[in-house]
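Below, each chain spelled out in residue letters.
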Amino acid sequence: MTGLALTFLLLILVFAGIVASAISSGKKSTEISEQTVLEFRPGLSIPDRSIENPFAAFTDEAGFTSSLGLYDILRTLDRAKTDSRIKGIVLRPEFSGSGFATIAELRNKIMAFRKSGKFVYCYADVMTEQAFYLASACDSIFIHPSCEWMFDGLSANIVMYKGLLDKAGVEIEVFRAGKYKSAVEPFIQKQISAENREQTNLLVQTVFGQYIRDIAATRKIDSGTLASYAHTLAITDAATACSLRLADRRMPYDQFVELVGKKAGLKEPSKMKTVALADYAGSPTKEDKDYSRDKVAIVYASGEIGYGKSQEPDQITNENMAAALRKVREDKNVKAVVLRVNSPGGGSLASDIIAREIELTRKVKPVIASFGNVAASGGYYIACLADTIVCLPQTITGSIGVFGLFPNTGKLFREHMALAYESVGTGPNSDFGRPDGPMNAAQRQYIQAMVNRIYGDFISIVARGRNMDTAKVNALGQGRVWPGSEALRNGLADVNGGMEMALQLAADRAKLKNYRVVEYPEVKFSLSAFFGSMTDTDARMKAM
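Residues numbered from 1 in each chain as written. Predicted model: local features only at pLDDT ≥ 70, side-chain atom pairs only at ≥ 80, totals over all residues. Heavy atoms only, no water.

Asks: Got a sec to walk through the overall build of the protein chain? Specific residues and values, please.
Replies: Scanning the protein chain from N- to C-terminus turns up 21 helices and 18 strands. The burial tally for the protein chain puts 50% of its 544 residues in the buried class. In the protein chain, of all internal contacts separated by at least 6 residues, the share reaching a separation of at least 24 is 73%. Element-wise, carbon and sulfur atoms account for 53% of the exposed surface of the protein chain, whose accessible area totals about 26300 Å². (Helix = DSSP H or I, 4+ residues; strand = E, 2+ residues; numbered from the N terminus. Buried < 20%, exposed > 50% of the residue type's maximum accessible area, 1.4 Å probe, protein only. Contact = heavy atoms within 4.5 Å. Areas by Shrake-Rupley, 256 points an atom, 1.4 Å probe, with all protein chains shown as cover.)

Here you go:
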C-alpha cells in the first residue's frame, strides 16, 4: 500500500513537472530577425478559435498551426504583411483538411498578403484537393519530383446502416418534419432518397464549381479545361501537373530552400531557416501595448449543440452560451457582437435558449452572425435572429427541420443476446421509451406531435428573424441543406464574406474606428484538447 501511494505521488509530481515545463515553453517568445521567412503548415483541421494548450510544445513539433485558430491566423497574416522583417511566406499545405469555407478565407487572405509585394511560395510533397485550393493562391507552386497529386473532383459519401441494423436485429423508428431532413436515412433505408440526392448534388456541384472558378482564375487556366483534368484523372504525376500548369516547377526540397533564401536576400541562401507562423503569432508586437476601451466581442458557437454545461471548446451548450451572451450584453464597453457559428445543430431546447439570448442581446447592441463551414439545423436556429448573416459560397447552411430516432432492440436482445427486459409500471405508457419493443400508436402520435411543434417553432423564429413569410420559410425549410451561395440568393443569409467581413460590419454598425476584439465563452484547458492534439499528431504521422 505504501509503495502504491508513493508511486501515485511520484506520478502526480512528474505530471505537474511536465505541465510546468510545457507552460514555461509556451511562454517563450520567438525572436524575429531581419529577412525572416514564415512557414505556414495548416494541419489537418483549423478551428475557428485558438486552443489554449500548454502541451502544444510537445504536440506541434512539426510547426503545424492546429492549435492556432482561424481568426488568429488571419490577424497574424495581416501583421506579417506590414512587418519589414518578414520577407515572405512558405506554405506547406500537404495536410490541409479543413472545410472549404475555412480554406476560402485563408486563400483570400494569402492573396491580400501578396498585394504587399512580398512573396508566397508553396512547396508540397503531396497535393490533395484542399491543399491545391489553398496553394493556388500563392505566387508559385513548387512540388517534389515524386509529388503524389490527387485531383479527381469532390464527392459526398454516405454510409447506410440499414442492412447492418437488420442483421443485428435493431429497428429504428423515425419521426421527422421536413422531407429533406436526411440525417435519418442511413438508419431506415438502404439507398438515399431522391430529395437527399437532389440537395447533396447541389451542394457538391456548387462547391466544386466555386473551387474550379477560383483556381482557374489564379492559375490562369480555362475553367472547363481544369474541370476536365479532374474528370479524366489527367494529373498522373508531378511532371504532368507542371506541364498542365497546375504547378510551376519540380525540385527537391533542398533546392527549394536555396531558392527561397535567395528570394529573401540571404547571403547564404542554403542556410535559410523558416519561422513557424504559430511561433510568429506568439511573438510580442507594438499592438500588444495599444489599448482601446471599446470592444467587439466574438462569441464562438462551435460543435454540436447540447443541453447543460461543458468546458470542451468543440461543444455548444446553452449554459455556456447564455452566460457568454449575458456577459457581452451587460458589458458597456462591448459595442457589438459577432456570433461565429460552426455547427451542424443539436438539441432543440438548448438551441431555443441560446436564440433567446441572441434576441435579447440584439435589442441593446448589433449582433452579426458569421457562418463557417457549417451552420445548419440548430446552428442556423441560434443565428437567424442576428441583425445580419455573413457566409461564404462554400458554407453549408439551412437544414430547417426536425427529427427524432428511437431504436427498437427487441430482436437483438432476445435472439442474439438472450436478454429479457422486464418492466413494472403505473399505466399503459409508464414504460414509454423502453428499448426492447415498438411504440404503441399513442406514443408515436405523441412524438410526432412534438416534432411538428418544434418544427413550427423553428419556422416561426426564422420568419421573425429573417423578416419572411412563414410559407416561404417552410418552402426553404423541409430540412433542406443549402450551399452558402444559394442561401445568399434565397434570403437565408445577407452578405458574402468571412470572419473579417463580419467584424467590419459589426464595427461599422456600432460606429467604431478604434476597438479591440475579445473572445467568448471563456475557455479553460481540458485534457480532451491535449489528447485531441495528440490524436492529430498521430493522424499526421499515419498520413505520412
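Asks: Describe the packing of helix α14 (residues 348-362) against helix α17 (residues 441-466), listing the residues and the values that go with them.
Replies: In contact at an axis separation of 12 Å, α14 and α17 are set at 20 degrees when each is read in the N-to-C sense. Taken together, the axes of α14 and α17 are roughly parallel relative to one another. Seen from above, α14 lies across α17 with left-handed handedness. Every residue of α17 that contacts α14 at S348, D352, A355, E359 and R362 is listed here: I454, I461, R464 and G465. In terms of residue class, the contact of α14 with α17 is made up of three nonpolar, two polar and four charged. (Axes fitted to C-alpha atoms, helices over the stretch in contact; angles between N-to-C directions. Parallel < 35°, antiparallel > 145°, perpendicular 65-115°, else oblique. Left-handed = near helix turned anticlockwise from the far one by under 90°. Nonpolar A, V, L, I, M, F, W, Y, C, P; charged D, E, K, R; others polar.)

Asks: Go over the nonpolar core with me, naming the residues and quoting the values.
Replies: Counting 71 residues, the largest nonpolar core has M127, I143, W149 and F151 as the members making the most contacts within it. Ignoring anything within four residues of it in the chain, the contact list for F151 reads E129, F132, Y211, I212, L226, Y229, A230, L233, I235 and L246. Among the nonpolar cores identified, the runner-up in size contains 53 residues, and F175, V337, A463 and L492 belong to it. (Core = buried A, V, L, I, M, F, W, Y, C linked by side-chain atoms within 4.5 Å.)

Asks: Hey, could you go over the pattern of salt bridges for me, with residue numbers and the actual values?
Replies: Considering all chains together, one arrives at 28 salt bridges under this definition. The closest approach of N and O atoms between D139 and R114, which form a salt bridge, is 3.0 Å. Taken as a pair, D139 in the loop between α5 (129-135) and β4 (140-149) and R114 in helix α4 (residues 100-114) lie far apart in primary sequence, 25 residues in all. The class of R114 is partly exposed, set by a relative accessible area of 29%. Several salt bridges converge on common partners, so that one network encompasses D78, K81, K109 and E500. (Salt bridge = Lys/Arg side-chain N within 4 Å of Asp/Glu carboxyl O.)

Asks: With reference to specific residues and values, describe the state of the cysteines.
Replies: Per the counting criterion, the structure on display carries zero disulfides. Unpaired in this structure, C122 has its nearest cysteine sulfur neighbour in C138, at a distance of 5.1 Å. Assessed through its relative accessible area of 0%, C122 is described here as buried. The exposure class assigned to C138 is buried, which follows from its relative accessible area of 4%. (Disulfide = S-S within 2.5 Å.)

Asks: Tell me what's going on with the packing of helix α3 (residues 70-82) against α4, and back it up with residues and numbers.
Replies: The interhelical angle for the contact between α3 and α4, taken along N-to-C directions, is 5 degrees, at an axis separation of 10 Å. In terms of orientation, α3 lies roughly parallel with respect to α4. Of the residues in α4, those in contact with L70, I73, L74, L77, D78, A80 and K81 of α3 are T102, E105, L106, K109, A112 and F113. Split into classes, the residues belonging to the contact of α3 with α4 amount to eight nonpolar, one polar and four charged.

Asks: Break down helix α9 (residues 223-231) for me, citing the residues and quoting the values.
Replies: Residues L226, A227, Y229 and A230 constitute the buried set of α9. Along the long axis of α9, the arc covered by the buried residues comes to 150 degrees, so they all point the same way. Where α9 is buried, its residues contact α8 (194-219). With a side-chain oxygen lying 3.1 Å from the backbone nitrogen of G224, the N-terminal cap of α9 falls on D222. The positive-phi residue at the C-terminal boundary of α9 is L233, with phi of around 55 degrees. (Arc of directions from axis to C-beta. Polar contact = N/O pair within 3.5 Å; in protein donor to acceptor, adjacent residues only side chain to side chain.)

Asks: Got a sec to walk through unusual backbone geometry? Specific residues and values, please.
Replies: Cis geometry is found at the peptide bond from Y520 to P521, where omega equals -5 degrees. A positive phi angle, near 60 degrees, is found at Q478, a position not held by glycine. Inspection of the secondary structure puts Q478 in the loop between α18 (470-476) and β16 (481-483). Its identity as a non-glycine residue notwithstanding, K511 has a phi of 60 degrees, on the positive side. Among the structural elements, K511 can be located in the loop between α20 (499-509) and β18 (516-520). By relative accessible area, which is 77% here, K511 ends up exposed.

Asks: Please set out α17 residue by residue, giving values where relevant.
Replies: Look at α17: 37 Å from first C-alpha to last across 26 residues, which is about the 38 Å you get at 1.5 Å a residue. Taken together, the buried positions of α17 are Q443, I447, V451, I454, Y455, F458, I459, I461, V462, A463, G465 and R466. Buried residues in α17 make contact with β5 (171-177), α14, α15 (378-381), β13 (388-391), β15 (402-408) and α18. Positive phi appears at N467, one or two residues downstream of α17, with a value of about 55 degrees. (Expected span 1.5 Å × (residues − 1).)

Asks: Please set out the sheet that holds β4 residue by residue, giving values where relevant.
Replies: The strand order across the open sheet built from six strands is β6-β4-β3-β2-β1-β7, with neighbouring strands paired in parallel fashion. Edge strands, defined here as strands with exactly one partner in the open sheet, are β6 (249-250) and β7 (274-276). Where β4 meets β6, two bridges bridge the pair, whose relative direction is parallel. Its bridge partner lying in β6, F142 is registered against R249. (Pairing = 2+ DSSP bridges.)

Asks: Talk me through a nonpolar patch on the surface; I want residue IDs and the actual numbers.
Replies: On the surface, F432, Y446 and M450 cluster together into a nonpolar patch covering about 280 Å² of accessible area. For M450, the position within the fold is in helix α17. Since its relative accessible area comes to 32%, M450 is described here as partly exposed. (Patch = residues over 30% accessible without salt bridge, like charges linked within 9 Å, V, L, I, M, F, W, Y side chains within 5 Å.)

Asks: With reference to specific residues and values, describe the side chain of E357.
Replies: The topology assignment puts E357 in helix α14. Here R326 takes part through its side chain, which lies 3.3 Å from a polar atom of the side chain of E357. Setting aside its immediate chain neighbours within four residues, E357 contacts A322, L325, R326 and R329.

It is worth stressing that arrangement in space is one thing and function is another; only the former is reported here.
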